[in-house]
Each structure stands twice: as C-alpha cells, then as structure tokens.
Amino acid sequence: MSLLPITQGAEATEEFGGVDATRRNISRRRRISVVWKMTFYLATAIAVSALVVLLLTIINGAFGFVAVKNSIDPVLLTGPDRSMNDLSDAELITIIEENLSSGLVRRYNSEKPLTDRNSADLVAIVRERVVAPEIIESWNLAASLFQPGVIQKYVDQEAPSGTTLEFRVWLTPQFLVRPQSPDAQFAGVRTAVLGSIWLILITAVVAFPLGVGAAIYLEEYAEDNWINRIIQVNISNLAGVPSIIYGLLGLAVFVRFFGPVTSGAFIGVTTTTDATGRTVLSAGLTLALLVLPIIIISAQEAIRAVPQSMRDSSYGLGATKWQTIRHHVLPNSLDRILTGTILAVSRAVGETAPIMLVGASTVILTDPKGLFSQFTALPIQIWQWTARPQTEFRNVAAAAILVLLVLLLSMNAFAIVSRDRIRKRRLL
Amino acid sequence: MSNEPTSTPIIEIRNLSFCYGDFQALENVNMSFVKNEVTALIGPSGCGKSTVLRTIDRMNELIPETRTEGEVLFHGKNIYDDDVDPVEIRRRIGIVFQKPNPFPKSIHDNITWGARINGYRGDMDELVEISLKRTALWDEVKDKLKQNALRLSGGQQQRLCIARTLAVQPEIILMDEPASALDPISTSKIEDLIYELKQRYTIIIVTHNMQQAGRVSDKTAFFMVNDARSGYLVEWGSTEEIFFSPRDPKTEAYISGRFG
C-alpha cells in the first residue's frame with residue numbers, strides 16, 4: 001500500500017499523535033476488525049460442518065452392503081431362466097402352499113384369499129416368507145466404500161455358506177409404502193408418515209387460528225396494564241417449557257379428562273368399553289399447545305413490524321380498528337406469520353417425548369384413518385428402530401431419518417415459497 | 001391574545017390541554033379555524049403544533065396513555081363528547097402525514113380503499129379520476145393506475161396521499177409538514193395544490209418552513225415551549241399580521257430567525 005502524500009492541513013494534528021501514530025492506529029484498528037471477521041467466519045464454519053457431519057452420518061447409515069442368506073435360493077423356485085416376476089399367479093400360489101406351514105397359509109387366506117391377490121402381492125409373500133432372506137451382517141456406506149476387501153473376506157470365510165453380498169439402498173419407494181415390520185428388510189414407514197401428516201394437519205389447524213388470534217388481541221387490543229404484561233411474560237416463558245411437560249399436560253387433559261371426546265366415544269366412533277384417549281387427536285392437540293406460544297410470539301413480532309404510519313393512514317381515512325387490522329395489518333404481516341407458523345409446526349413434527357406420553361404406539365401396523373385412530377409417528381418409529389439390537393435396524397432408522405428430514409425440508413421450502421409469493425404480490 | 005374571527009369558525013378549540021402520561025405536552029390552547037382558509041401552525045420543535053393537529057381529528061388518542069382536556073368544537077359540537085364516534089370525525093377531517101405513506105397497493109386501490117370502507121356507492125373510476133385531477137396527479141399516472149403506489153416518486157406519493165384523503169370527501173384537511181420530506185420542486189407542487197384545495201376545503205398545516213407558511217396561509221398561529229417544556233399558543237392572527245406586526249416579541253424573534 002502506497003502512502004498518501006502528507007499535505008498541509010491533511011497532516012495529523014498533535015491531538016491525534018502525529019502522522020505516524022495515526023497510521024499505526026489505523027493499521028491496529030484494521031487488524032482488530034480482521035480478527036473479528038475471522039471469529040464470525042469460524043463460528044459459521046463450525047456450525048456448517050456440524051450440519052454436514054450430521055447429514056453424512058445419516059447418509060452413511062442409509063446405504064451399504066448387507067450379507068444375506070436365503071432360506072431357499074430363488075433360482076430353485078423359478079428355474080434358471082426366469083425371475084420371480086415372470087411366474088404366473090397360479091405358480092406363485094403353488095410355491096406358497098408347498099413351502100409354508102398350513103397354518104400360515106390359512107392366515108393369509110383369512111386376511112384375503114390368495115387367489116384374489118394380485119401378482120405383486122404374491123411375489124412379496126414369496127420373497128418374504130419362502131425365500132425368507134436373513135441378514136447375517138450389514139455395513140454402513142463408509143465401510144462399504146473403503147473396506148470392501150474386509151467385507152468380502154468376512155462373507156467368504158466367516159459367514160455361513162450360501163451367504164451372498166449385495167449393496168442395499170435402504171431408502172426405497174417400497175420403504176415409503178410398507179408398514180412397520182419386525183423384519184428390517186420388510187419394514188417401512190407408511191404408518192409413521194401418515195401419522196406424522198395427521199399430526200401436522202391437526203397441529204396447524206388448531207394452533208394457527210388460536211395463535212394468530214391471540215397475537216392480534218395482544219398487539220392490537222390489549223391495553224398495557226399489569227394483567228396483560230403478566231400474560232405476555234407467561235407466553236414467552238411457555239415457549240421455553242420442556243416438551244415433555246406438554247406431554248404430561250396432554251396426558252392429563254386430552255387423554256384422561258377429555259378421553260370420551262378424544263377417543264371419539266361421544267359420537268359413537270368407538271364403543272365405550274375399548275375407548276381410549278390415546279389417539280392422533282390427543283397428540284395433535286398436545287403438539288398444538290406446544291407450538292402455540294411460539295406461533296403467538298412470532299405472529300406478534302410480525303404484527304409489530306407493520307409500520308405505525310400504515311395504521312395511522314388507515315385510521316386517518318375513517319377506518320375502524322377491525323378494518324385497519326383486516327385490510328392492512330394482517331395482509332402486511334401474513335408472510336411473516338405464515339413463515340413463523342410453518343417453522344413452529346415443523347419443529348413439532350420432530351417432537352418425540354410429548355406424543356410418546358399421550359400414547360403414540362411404537363408397534364402399530366394399521367394406518368391412521370381419522371382423528372380417533374391410534375397412531376405412530378416418524379420420530380417414534382426412528383427412536384424405536386435405533387433402540388433395537390440388530391445392526392440392520394440402524395440402517396432402517398437412518399432411512400427413516402432421511403424421510404423425516406425431507407418432510408421437514410419440504411415444509412420449510414413451502415414456507416419460503418409462500419412467503420416470497422405473498423411479498424411479490426404486495427410489491428408488484 | 002387573539003383577534004375576533006371575521007366569520008363563523010368551523011373548528012373552535014377551547015382550553016385544550018394534552019398529556020402524554022405525566023408530561024403535559026400542550027397547555028390551554030384557544031383558537032379557531034375559518035372555513036376555506038389555510039391556517040399555518042408554526043413554532044420550534046416540541047412546541048405541540050403537531051399535537052394540536054392530531055387532537056383535531058382524534059388521532060392523538062391512538063397513542064396509549066394520553067389524556068385530552070378541553071373542547072374541540074366542530075360545527076359547534078364537541079368532538080370529544082361521548083356520543084361522537086372518532087371514525088366519523090376522521091372521515092370528515094382528513095389528515096396527511098409528514099412522510100408519504102401510501103398503502104402497498106395499486107394507485108387505484110389507494111384512492112378507492114378509504115371510500116369503499118366508508119360505504120361509498122358512486123363510480124369508483126370516476127372518483128379516482130376526480131381525486132387525482134384535484135391533486136394534479138392524473139396526467140402523470142393515468143396510464144398506470146394498476147401499478148403499485150410505492151413505485152411513485154416521493155412527491156407523487158405525497159400527492160397521492162392527499163388525493164386519497166380527498167376521496168373520502170372531508171371538510172377539513174390537516175397536513176403535518178406535508179412537504180418536509182420532499183425536494184423543492186415537489187414542495188412547490190404541494191404548495192400550489194394547497195392554494196387550489198382551499199377553494200373547497202379548510203386546511204390546517206403544520207410547517208417548519210417560514211417561507212412556506214408565508215406563501216400558503218391566510219392565518220398563522222405561533223406556538224412556543226415554556227419552562228416546563230409544555231407547548232402553548234403565543235399568538236395567532238392573519239399571516240400578514242403575525243409576520244409583519246407581531247404583538248409578542250418572541251414571535252418576531254422566531255420569524256426573523258433569531259432562535260428556534
């Protein structure tokens with residue numbers, strides 16, 4: 001850096017310590033700002049790398065080699081030239097009847113007669129029950145990529161004979177549509193995804209109007225007196241209450257006290273004898289309570305961000321309070337309110353503890369069909385799978401985590417897109 | 001302290017005081033405004049002239065923890081009586097603020113919104129055209145009425161705000177330093193406009209600009225701050241009188257630029 005020429009009037013005065021001291025002072029201040037800039041850069045880098053590690057860990061679990069041993073080699077069933085899908089329905093039924101115990105065949109028939117089933121269904125039964133692959137060992141993606149030799153050696157020397165090695169992608173389309181299963185290879189997340197979607201809907205439908213309504217009252221109508229200040233402080237504190245406390249509240253209020261309502265017994269959906277309040281409705285209401293303070297606070301901030309000048313010009317034209325809120329305050333805060341709500345709801349989707357308390361089941365095979373259904377949800381399913389001893393369930397859990405992340409990311413993406421659309425419409 | 005008005009006043013302020021919490025911002029103001037006249041409120045910062053303006057259409061009570069005492073008579077009726085609805089007052093007494101603040105809507109909707117919420121049944125397009133013509137904005141925007149008002153220049157926005165106020169057909173227009181955020185050309189347009197509008201409306205304008213007060217107003221009221229930092233009315237009368245033969249030496253000192 002070349003030095004500026006020192007001219008009359010530009011030279012630093014005595015009060016600044018002369019020219020040299022001034023220049024030293026400038027370079028010292030510059031060094032300090034560089035240090036701070038690096039500090040902030042480092043903070044960002046640490047946060048980003050933590051996220052990258054998280055994502056890599058999950059992806060690492062969702063792909064990898066598995067050593068599989070089939071009870072019967074599929075070739076023996078189909079013959080060397082054909083694959084399972086080429087077999088006719090009659091042939092498949094014959095295979096099932098020949099290889100499975102008569103009790104099991106009777107059970108399948110009682111669910112739905114084999115002859116009425118389509119071929120995909122039959123192939124699935126043959127694969128699961130007749131071929132009955134058993135996972136001897138599974139590896140994650142890192143091991144599969146970097147130590148294929150070790151894995152091959154294990155399969156050749158230590159695994160029982162007949163064991164084959166295949167690369168498995170645990171997150172498949174079938175994984176999304178299959179229900180829960182005790183066998184990791186045939187487990188899916190359909191019930192859990194549907195349960196989570198029900199929870200999202202109930203939470204949003206209950207918490208959004210309540211939250212926005214309360215925010216409008218507190219920002220636009222409530223006077224600044226001690227009662228309202230206490231309410232405000234309490235709402236802020238409620239946002240910090242641990243979620244398990246909300247679970248206890250939901251258990252006491254929705255499951256127990258309002259059991260006849262949340263079980264659906266009051267409108268005759270279930271008979272009173274087996275009625276239980278442990279339904280998706282109870283869980284949704286609990287999650288709605290959980291996110292309510294967050295929605296209120298973010299909606300309040302959104303409403304506060306509408307400039308007073310806009311309200312003034314509305315009132316100045318002879319608008320009533322409600323007309324001002326309806327035509328100016330709400331349209332100009334809706335984007336932020338929506339963003340806040342969706343972020344809060346996607347927070348709720350990941351909650352495990354409260355819905356476990358209000359009765360999300362860990363093992364449930366039937367889809368939730370309505371407000372009064374028993375249910376499970378993705379985080380519950382993930383927790384249950386990671387708690388299992390078999391290594392392959394960790395792969396399944398990783399795949400389910402990916403599903404949950406995609407669900408959350410698409411909700412957030414929806415929030416951003418709808419916010420931008422509202423903003424654009426406003427400023428066109 | 002005041003001269004007798006020559007004709008019946010449309011607004012008469014009697015013993016008006018105003019407090020923000022414990023702080024008395026305005027002390028015992030008495031004055032009146034005559035139909036189809038422009039009155040300028042002048043004085044140093046914090047002297048309560050904007051507060052006076054906002055008490056005339058009850059905008060002041062939107063600020064929490066404030067108290068108004070005294071009377072503001074509009075056609076002889078105190079607007080602070082319990083049976084008077086501020087919503088009606090604000091339609092009949094329009095206000096234009098210092099900073100242009102059109103709604104983030106189209107130019108067309110900016111004009112029609114106020115009329116619509118007040119139950120206007122006439123032809124909206126006609127209303128838009130008349131209002132914009134009265135504020136000399138029609139020729140500039142007639143081809144882009146659907147465009148967002150925030151894309152207009154500051155001066156155009158302010159004239160749109162005046163047009164928006166005209167559209168609800170008020171009798172009085174309050175203006176709170178309407179040109180202080182504008183460039184000289186826009187300012188002179190606003191001043192021309194005030195001159196035009198006075199044929200139909202009564203205008204009360206707060207301004208910091210002495211020349212502006214001298215140019216546009218028929219009457220001038222001079223406010224000052226007392227030792228308790230409360231605003232009070234020093235004197236009011238015809239602009240000529242206040243500018244060239246003020247009775248109070250403080251008025252003369254302020255107008256000649258010796259303080260404030």
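This paragraph deals with the overall build of chain B. In terms of helices and strands, chain B carries 10 helices and 10 strands. A compact globule built from 260 residues would reach a C-alpha radius of gyration of about 18 Å, and chain B, at 18 Å, matches this within 12%. Dimensions of chain B, computed from the C-alpha atoms along their principal axes, are close to 55 × 40 × 35 Å. For chain B, the residues scored as buried account for 47% of the 260 residues in total.

Attention now goes to the overall build of chain A. Each helix and strand counted, chain A has 19 helices and 3 strands in total. Relative to its length of 428 residues, chain A is extended, with a C-alpha radius of gyration of 31 Å against a globular reference of 22 Å. In terms of overall dimensions, chain A has C-alpha extents of about 105 × 70 × 40 Å along its principal axes. A buried classification covers 32% of the 428 residues belonging to chain A. Intrachain contacts of chain A at a sequence separation of at least 6 include 75% that bridge at least 24 residues.

Another point: the domain arrangement of chain A. Assigned domains of chain A: these are domain 1 (14-60), domain 2 (64-174) and domain 3 (190-427). Measuring from the centre of the C-alpha atoms in domain 1 of chain A to the corresponding centre in domain 2 of chain A gives 57 Å.

Here the focus is the pairing of strand S4 (residues 66-74) of chain B. Residues and elements named next belong to chain B. Sheet topology places strand S1 (residues 9-20) next to S4; 8 bridges connect them, and they run antiparallel. Bridging from a neighbouring strand, Phe18 pairs with Thr68 of S4. Here S4 runs beside strand S5 (residues 77-78); their pairing, made up of 2 bridges, is antiparallel. Along S5, the bridge assignment pairs Phe74 with Lys77. From the end of S4 to the start of S5, which pair antiparallel, there are 2 residues, and His75 there has a positive phi angle of about 55°.

Residues and elements named next belong to chain A. Strand order in the open sheet made by the 3 strands is S2-S1-S3, with antiparallel pairing throughout. Of all strands in the sheet, those with a lone pairing partner are strand S2 (134-138) and strand S3 (163-169), marking the two edges. Strand after strand, the sheet turns through a mean of 35° between neighbouring axes, direction not considered. Lying over the sheet, helix H7 (residues 148-157) contacts strand S1 (63-69), S2 and S3, oriented at roughly 145° with respect to S3.

A few words on helix H4 (residues 124-134) of chain B. All names here are of chain B. Residues Leu127, Val128, Ser131 and Leu132 constitute the buried set of H4. Down the axis of H4, the sector holding all buried residues measures 120°, keeping them to one side. Residues of H4 that are exposed and angled more than 90 degrees away from the buried face: Asp125 and Glu126. Next to the buried residues of H4 lie helix H3 (107-117), helix H5 (138-141) and helix H6 (154-167). Immediately beyond the C-terminal end of H4, within one or two residues, lies Ala136, with a positive phi of roughly 55°.

Residue and element names in this part refer to chain A. Packing of helix H9 (residues 190-221) against helix H16 (residues 334-349) leaves a shortest axis separation of 10 Å and a crossing angle of 140°. With respect to H16, the axis of H9 lies oblique. H9 and H16 meet at a crossing whose hand is right-handed. In this structure, H9 uses Ser196, Leu199, Ile200, Thr203, Ala204, Phe208, Gly211 and Val212 to contact H16, whose residues at the interface are Ile337, Thr341, Val345, Ala348 and Val349. Residue classes in the contact of H9 with H16 are distributed as 9 nonpolar, 4 polar and no charged.

A few words now on the environment of Ser32(B). All names here are of chain B. The topology assignment puts Ser32 in strand S2 (residues 23-34). With 18 C-beta atoms packed within 10 Å, Ser32 lands in the partly exposed category. Each C-alpha atom, one on Ser32 and one on Pro102, is 30 Å from the other, the two residues being 70 residues apart in sequence.

For the rest of this paragraph, the subject is helix H13 (residues 280-304) of chain A. All names here are of chain A. Across its 25 residues, H13 extends 35 Å between first and last C-alpha, which sits within 8% of the 36 Å expected from 1.5 Å per residue. The largest bend along H13 measures about 40° and falls at Val291, with the proline Pro293 one to four residues further on. Extensive coverage of H13 is indicated by the burial of 23 of its 25 residues.

With that settled, the discussion passes to the interface of chain A and chain B. Contact residues are listed per partner, giving 18 residues for chain A and 22 residues for chain B. Those elements giving two or more residues to the side of chain A that touches chain B turn out to be helix H14 (308-316), helix H15 (321-329) and helix H19 (392-427) of chain A. No other element matches H14(A), which puts 6 residues into the side of chain A that touches chain B. Per-class residue counts for the side of chain A that touches chain B are 6 nonpolar, 9 polar and 3 charged.

Attention shifts here to the packing of H4(B) against H6(B). All names here are of chain B. H6 packs onto H4 with a crossing angle of 130° between their chain directions and a minimal axis gap of 8 Å. Taken together, H4 and H6 sit at an angle that is classed as oblique. By crossing handedness, the relation of H4 to H6 is classed as right-handed. Where H4 approaches H6, its residues Leu127, Ser131, Leu132 and Arg134 are matched on the opposing element by Ala163, Leu166 and Ala167.

Among the structural elements, Ser49(A) can be located in helix H1 (residues 18-62). The spatial distance from the C-alpha of Ser49(A) to the C-alpha of Arg229(A) is 41 Å, given a sequence separation of 180 residues.

Thresholds, definitions, all that
Residues numbered from 1 in each chain as written. Chains lettered and ligands numbered in written order. Predicted model: local features only at pLDDT ≥ 70, side-chain atom pairs only at ≥ 80, totals over all residues. Helix = DSSP H or I, 4+ residues; strand = E, 2+ residues; numbered from the N terminus. Rg over C-alpha atoms; globule rule 2.2 N^0.38 Å. Buried ≥ 20, exposed ≤ 12 C-beta atoms within 10 Å, placed from the backbone. Contact = placed C-beta atoms within 7 Å. Domains from an automatic or database assignment. Pairing = 2+ DSSP bridges. Axes fitted to C-alpha atoms, helices over the stretch in contact; angles between N-to-C directions. Arc of directions from axis to C-beta. Parallel < 35°, antiparallel > 145°, perpendicular 65-115°, else oblique. Left-handed = near helix turned anticlockwise from the far one by under 90°. Nonpolar A, V, L, I, M, F, W, Y, C, P; charged D, E, K, R; others polar. Expected span 1.5 Å × (residues − 1). Bend = angle between axes of the 7 residues up to and from the residue.

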